[in-house]
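# Descriptive analysis of the structure
Read off the chains here:
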Amino acid sequence: MQNSEEIWRLVDKHQDDLIALSDRVWEIPELCYTEFKSCAEHTVMLEAKGFRVTKNVAGIPTAVMGEAGEGGPVIGILGEYDALPGLSQEAGVAEPKPLPGPGFGHGCGHNLLGSASLLAATAVKDWLAANGIKGRVRYYGCPAEEGGAAKGFMARAGAFSDVDIAISWHPSSFSGVNPAQSLANTRIDFSFTGRASHAAASPHLGRSALDALELMSVGVNYMREHMPSDARVHAAILDAGGVAPNVVQAFAKVRYLIRATNLPDLSRLIERVRKIADGAALMTETTVTSQVVSAVSNLLANTPLERAMQDNLERLGPPPFDDADRKTAAEFQATLTDEDIEASYRRAGVPVRPNTPLCDLIIPADAKPGGGIGSTDVGDVSWVVPTVQARGATYAVGTPGHSWQLTAQGKLPAAHKGLVHVAKVMAGTAVDAIQDETLRARAKADHAARVGKTPYVCPLPADLEPPIKMSA
Ligand SMILES: [Zn+2]
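Below, the structure is looked at part by part. (Residues numbered from 1 in each chain as written. Predicted model: local features only at pLDDT ≥ 70, side-chain atom pairs only at ≥ 80, totals over all residues. Heavy atoms only, no water.)

What follows covers the overall build of the protein chain. In terms of regular secondary structure, the protein chain is built from 13 helices and 11 strands. Here the C-alpha atoms of the protein chain give a radius of gyration of 23 Å, agreeing with the 23 Å that 2.2 N^0.38 yields for 472 residues. Structurally, the protein chain occupies a C-alpha span of about 80 × 45 × 40 Å along its principal axes. Expressed as a percentage of the 472 residues in the protein chain, the buried residues total 56%. Sequence separation of 24 or more characterises 81% of the internal contacts of the protein chain that already satisfy a separation of 6 or more. About 19000 Å² of surface is accessible on the protein chain, with carbon and sulfur atoms providing 53% of the total. Between the mean site of the 44 positive side-chain charges and the mean site of the 53 negative ones, the protein chain shows a separation of 3 Å. (Helix = DSSP H or I, 4+ residues; strand = E, 2+ residues; numbered from the N terminus. Rg over C-alpha atoms; globule rule 2.2 N^0.38 Å. Buried < 20%, exposed > 50% of the residue type's maximum accessible area, 1.4 Å probe, protein only. Contact = heavy atoms within 4.5 Å. Areas by Shrake-Rupley, 256 points an atom, 1.4 Å probe, with all protein chains shown as cover. Lys, Arg positive; Asp, Glu negative; His and termini not counted. Charge placed at Lys NZ, Arg CZ, Asp CG, Glu CD.)

Listed below in structure tokens is the structure:
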């Protein structure tokens, strides 16, 4: 790894503090909109590093923003710190071993995500001050990426409206520019209400909400063959109507997560799912109501910023993993299938490299990533501000997202090296954007051209507030 530039050395200067922050956040995994301790840790770090801190961004208690510098362009570096349910795991152990407690874990690596972004912002802050350059850098501590669409609420409240360029990243098997491929999505809760009755003595007097929920599922399953091939529909039953089979279930609730490549396709799919819910209610003589819980937009690419980031990656080279890191990563790879590993290379768009437990390359700019597309609330930021994201190698190649293996690798030396490496990628890109007015202009022109024909409409219903009380 090259380390020739001032901005990269400034990243090194603060790395120990931010690695420690990442490890502390790993220790206190908190879910969607309840990240009070993790947000407090980030707030304390922002204050310690000398940022001007704004708490409660967009009315969300677990969102925080720190700004440094004066005048000039505004660079926003986005971080996250929420964890996931069901992914508790002992650190560094290559076998499933949940820790005692509520079962939460950092199975998406957001402990690293927030810390690397704050590290990048801190280095840019120092660089602005050291060189007397006009410009502002902001760290956005964004909660509830996993299902809470917090950045959408923050965007809707105008939190990014004066940002010139937004930069972020996500932990990954590989180092490279994160391709701007993600699905727009929405979560909608459907509640069916029927009538309870004795299931044996008077079944004819009951109307089953659970039947309606099941028929809705059948209808959605039949729809799958006739929807765009990239679209996805998943469901989780939130309330099956109780535990007594001899009572006709009077109430049942299901959460649908609907995804499509863009918002118009998503709206069409939502309407079809709603019709199926209505049909299920009609068939069972129950009633149905629905409540949108969250929604995010698809990601917009930005070619000039992606080129600038690629340039930084190629100058920097791959993360400096050593033999000890590779040995540990190989132990985790041994818990994966060949298919897990192949799928990871396919998603990255590079040929499989045998016996390579950790990323040893930078994904080339002309790689053709294949499949495996999720969703992110960075999508909404990308519609408002020219946005670029890195992916940073922090774990064994092939480690599935949202897995115990990912949680387990979140405090390893390899994860720490990946954190510092990607902070350099982001800080270098930020410095380029501050110094090069033409890069900013090209990024804005690219953004305007992409948004041009389909102006941003926030997919969150206007009356929907951030579901701050939501958890799990
Ligand atoms: Zn994630």
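Continuing now.
What follows is about the packing of aromatic side chains. All told, the structure shown has 4 aromatic pairs when counted by the stated rule. Ring geometry for phenylalanine 190 versus tyrosine 256: centroids 6.0 Å apart, planes at 80°, classification edge-to-face. Of this pair, phenylalanine 190 sits in strand E7 (residues 184-193) while tyrosine 256 is found in strand E9 (residues 251-260), placing the two residues 66 residues apart along the sequence. With respect to burial, phenylalanine 190 and tyrosine 256 carry one shared label: buried. (Phe/Tyr/Trp six-rings, centres within 6.5 Å; stacked < 30°, edge-to-face > 60°.)

Bringing the layout of surface pockets into the picture now. Roughly 410 Å³ of volume is contained in the second largest pocket. A total of 4 residues in the lining of the second largest pocket trace back to one element, the largest contributor, which is helix H7 (residues 303-316). Here the residues of the lining of the second largest pocket are counted per class, giving 11 nonpolar, 4 polar and 5 charged. (1 Å grid on protein atoms, 1.4 Å probe; cavity = no way out; pocket = protein on both sides within 12 Å on 5 of 7 lines; lining within 4 Å. Points joined across faces, edges and corners; volume = space filled by probe spheres on them. Nonpolar A, V, L, I, M, F, W, Y, C, P; charged D, E, K, R; others polar.)

Time to look at the pairing of strand E5 (residues 165-172). In terms of burial, E5 is a largely internal element, 7 of the 8 residues being buried. As judged from the 3 bridges shared by strand E3 (residues 74-80) and E5, these two strands associate in the parallel manner. Paired with glycine 76 across the bridge in E5 is alanine 166. As defined by bridge partners, E5 adjoins strand E11 (residues 387-393) across 7 bridges and the pair is classed as parallel. Looking across to E11, one finds that serine 168 is bridged to glutamine 389. (Pairing = 2+ DSSP bridges.)

Here H7 is 14 residues long and its end C-alpha atoms lie 20 Å apart, about the 20 Å a rise of 1.5 Å per residue gives. All of the buried residues along H7 are Pro304, Leu305, Ala308, Met309, Gln310, Asn312, Leu313 and Leu316. The inward-facing, buried residues of H7 contact helix H1 (6-27), E5, strand E6 (176-177), E11, helix H12 (413-435) and helix H13 (437-452). (Expected span 1.5 Å × (residues − 1).)

Geometry reference: four tetrahedral donors at a metal, ideal angle 109.5 degrees. Six octahedral donors, ideal angles 90 or 180 degrees. Donor atoms from the polypeptide that bind the zinc ion are Cys108 (SG), His110 (NE2) and His170 (NE2), placed at 2.1 to 2.3 Å. Between consecutive donor residues of the zinc ion, the sequence gaps follow C-x1-H-x59-H. Linking cysteine 108 in the loop between E3 and helix H3 (110-131) with histidine 170 in strand E5, this pair joins segments that are 62 residues apart in sequence. On the basis of relative accessibility, which here comes to 21%, the residue histidine 170 falls in the partly exposed class. (Donors = N, O, S within 2.8 Å, 3.2 Å for Na, K, Ca; no water.)

Below, the discussion takes up the nonpolar core. Among the nonpolar cores identified, the biggest contains 58 residues, and Tyr140, Met154, Phe160, Phe190, Phe192, Met216 and Ile258 are the most heavily contacted of them. In terms of residue count, helix H6 (residues 263-284) provides more of this core than any other element does, 9 residues in total. With residues up to four places along the chain from it excluded, the contact list for methionine 154 reads Val57, Ala58, Ile60, Ala63, Tyr140, Cys142, Pro143, Ala159 and Phe160. (Core = buried A, V, L, I, M, F, W, Y, C linked by side-chain atoms within 4.5 Å.)

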